[in-house]
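Listed below are the residues making up each chain.
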Amino acid sequence: MFVPPAADSSVHRITRRCFWFLLLCLWASTCMTLWQFLESGHQIRQFQPPIPRYEKRKRIQTNSSSVISIHDMGISEEEWERLQKALDWPGPDQEITQLDQSTSPVHSTFSIVGLKESYKVGEKISVTITARDHNKNLKRYGGDFFKAKLFNSDLKASVYGEVEDHRNGTYSVALLLPWEGQAQVYVRLEHSSEAVQILNKYRESSFPRSHYNGHFEGPGPNKTRISEVVQCNLKWGADGSWRKGDCCCEYKDIKTGTVWQCERPKKLSCDNLVHHSRGGLEDPLNPLEKQLLTKELTTVAITGDKKILNVLPNTAGTGTMERCRSGMTTPVPAGFYLKDVWKSFVCNTQQFSSSQMGNCLKNKIIYLFGDSTTRQWFEFLERKVPGLQRMDLHTPRTGGPLMAVELKNNIIVHWRPHGVPLRFTKMLITDLHYISNDIDEIAGGPHAVVVFTICAHMVFHPITFYVHEVAKIRQSVVALLSRAPETTVIIKSGNTAGLKNIFQSDWYAMQLNTVMQEMFRDIDGVIYFDVWQMTSCHYLRENVHPGPVIVANEVNMLFSYVCPA
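Residues numbered from 1 in each chain as written. Predicted model: local features only at pLDDT ≥ 70, side-chain atom pairs only at ≥ 80, totals over all residues. Heavy atoms only, no water.

What follows covers the side chain of Ser-193. One can find Ser-193 in helix α4 (residues 193–203). With near-sequence residues (within four places) excluded, Ser-193 lies in contact with Pro-92, Thr-103, Lys-139, Tyr-141, Gly-142, Gly-143 and Asp-144. (Helix = DSSP H or I, 4+ residues; strand = E, 2+ residues; numbered from the N terminus. Contact = heavy atoms within 4.5 Å.)

All chains considered together, the criterion is met by five disulfides. Each sulfur of the disulfide joining Cys-247 and Cys-248 lies 2.2 Å from the other. Judged by the sign of its S-S torsion, about -95 degrees, the cystine formed by Cys-247 and Cys-248 is left-handed. Residue class for Cys-248 comes out buried when judged on its relative accessible area of 9%. Cysteines bonded in the chain are numbered consecutively along the chain; their disulfide partners then correspond to 1-5, 2-3, 4-6, 7-8, 9-10. (Disulfide = S-S within 2.5 Å. Buried < 20%, exposed > 50% of the residue type's maximum accessible area, 1.4 Å probe, protein only.)

Moving on, we get to the sheet that holds strand β23 (residues 402–406). Taken in spatial order, the seven strands of this open sheet run β22-β23-β24-β21-β26-β27-β28, and their pairing is mixed. In the strand order of this sheet, the two ends are held by β22 (389–390) and β28 (526–529), each with one partner. Bridge count for strand β27 (residues 488–492) against β28 is four bridges, and the pairing is parallel. Opposite Val-489, over in β28, you have Val-526 as the bridge partner. Contacting β26 (448–452), β27 and β28, helix α12 (residues 548–562) crosses the sheet at an angle of about 160 degrees to β28. (Pairing = 2+ DSSP bridges. Axes fitted to C-alpha atoms, helices over the stretch in contact; angles between N-to-C directions.)

Inspection of the entire model under this criterion finds 26 salt bridges. Between Glu-190 and Lys-147 there is a salt bridge, with its nearest N and O atoms 3.6 Å apart. Of this pair, Glu-190 sits in strand β10 (residues 181–191) while Lys-147 sits in strand β6 (residues 145–152), and the two are 43 residues apart along the sequence. Its salt-bridge partner being Lys-500, residue Glu-542 comes within 2.3 Å of it at the nearest N-O pair. Pair noted here: Glu-542 is in the loop between α11 (531–537) and α12 and Lys-500 is in the loop between β27 and α10 (506–519), with a separation of 42 residues, a long-range link. The exposure classification of Glu-542 matches that of Lys-500, with both residues buried. (Salt bridge = Lys/Arg side-chain N within 4 Å of Asp/Glu carboxyl O.)

What follows concerns the packing of helix α9 (residues 463–483) against α10. For the pair α9 and α10, the least separation of the axes is 10 Å and the interaxial angle reads 35 degrees. The hand of the α9/α10 crossing is right-handed. Of the residues in α10, those in contact with Ile-463, Tyr-466, Val-467, Val-470, Ala-471 and Arg-474 of α9 are Gln-511, Leu-512, Val-515, Met-516 and Met-519. Residues of the contact of α9 with α10, tallied by class, amount to nine nonpolar, one polar and one charged. (Left-handed = near helix turned anticlockwise from the far one by under 90°. Nonpolar A, V, L, I, M, F, W, Y, C, P; charged D, E, K, R; others polar.)

Before going further, it helps to spend a moment on the environment of Asn-233. Tracing the chain through its elements places Asn-233 in strand β12 (residues 225–235). Take Asn-233: its relative accessible area is 3%, and that puts it in the buried class.

Encoded structure:
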C-alpha cells in the first residue's frame, strides 16, 4: 500500500513566505506604474457631469478680430447649427451707399387679403406688407423688421401678430380675431433691412458700445483711504480683449469661465476692486449708418387698410383651457388683452386678489434673478401680498440684492441682479452673482420657485457670449431639476424696450429670446413666459420697464403656475 510522505512543515513556511514576497512585489510594481503615469502629465479627474462632446474644435469667425470656438460657448456643433438656422435673418443683396436705397416707412404699405364685412371670433385675417424704398421702388429682398397687431382702444384689447418674411420685399401676417366687437390692424416699421444689417454688424464687432466702471479702494499713506475709477469690460474669446497688451486686471469666474477685465489702477492693486457701475455709451456709427437709424425712419407706422373690422360672437365656443403646468408650448399668439386683462392661449390663467396671492405663496421661497424687470415683480409682490415686508440688507434700493418676508405664512421673496456685464448704478461687485452660480446654491423642492431673465443688459455684447451664458444657466437648471424635480422654474423672456437704436434695439432682444427658447426647448420641467408678446401688443408706450398693468398681468401668470386652477 502506498503511504504518502510525511508533511514537512519547513516547506510550507517557505511557500507562504514566497507568496507574501510575490504579493509585495506586485503592489510595489503597481505603485511605481501609477507614479510614472501621474508624472507624465496625467491626472486622475474627479467625476464631472456629462457635457457636450466636441469632436472638432470648430472656430467661429465673428465680425470682429476675435475668434470663438464651440467649446467657448459650451454647446455642441449640432446645437450651434440649429441656433444659426433659428437666428438667420436676410439682408440686402447689394452694397447700400445711399439712404434712398433703404426701406421707406412712408412708401411701404399693408393690405388685408379678402376683406369681408364681418367675421366671427376665432377667425383669422391675412395681412400683406409690401416694402418700398424712398424712390417708391419695390424692394427685391427681405430683412425689414416689422411689427403688427390687432387692437381696439375702447375695449383696451390687442393681440400680437407674427410677421413672416418672404425674402422678396413682401411679408405676411396672420392675425387672430379673439374678441367680440370691433378691431383694427396696426403695422409699423421698426427698422429697415439696411438698419438691421448695421445692428448685426456692431453686435458681433469688438467695438465696445457699452462701457463700465470699476471702483478700486484701498489704504493710502498716513492711514488714509484712496480710490480710483477705471474702465472695465467683458473679455470674450482668446483675443477678445477690448484693451490690448498687459493693460488690465482680469477676474475670471471659476464656474462659468466668464472673464471680466478692468484697466490696471495706477496706485492700487487688482485685489482692491470694490464697486461696479455703468459707464458711458459709445456710438460707432458713420454718417450713412446714422441716417439709416434716425428716429424719423425708426418705429414708424405704415399706411394701409384702416377699415374697422366687425367681429361677431362665435356660438361654437373655444373650449376649456388646461391647468397651467410646465412643458406647455407657447403658441403665436400666446394670448390677448381684453379690458386690460391678459387672456392666455397657453393655459387657464387667473386674476388673483391680494389675499389669494398670500395663500398661494404660503410656505414658499421665491427666487427672482435677472435685471430691473424681475425687480418690478419683486416690487409688485411687496405692494400686493399682505404683510410682506422688505428687510434692510443695507444694499441699494434699486440695485439690491433685496429680500422680503411674511412671517405668519412663512413667505420669503429674494431678488438679485445677474453678474457683469450689467448697466446698474454703483454697487458692490461682491453682490453681483452669475445666475447659474446662484441656482447651483438652491436646494429646491416643492416650496421653491425660481424665476430668471437675462436679456436687457446682454444686447451690448456678441450673441456667442449670450449662448455661453444661457448654456451655463441651462446646465444649472438641469442639475436643480434632477435633485429636486418638484421645483418650479420659470424663464421670463426679454420684453420690448423704449429705445430703438444702436444700443438697445428690439431686434437685439428678439434674437436673444430666440436663443433662450431654442436652448431650453427640450428641457423638461421648465416654464417659458413670452412677455415679448405681452409688451409688444399693449397700447402703453413701449418701455424697458413695462407699465403697472402689464407687470400685474405678468405676475398673475406666475401665480397661475404656482397655484393652478
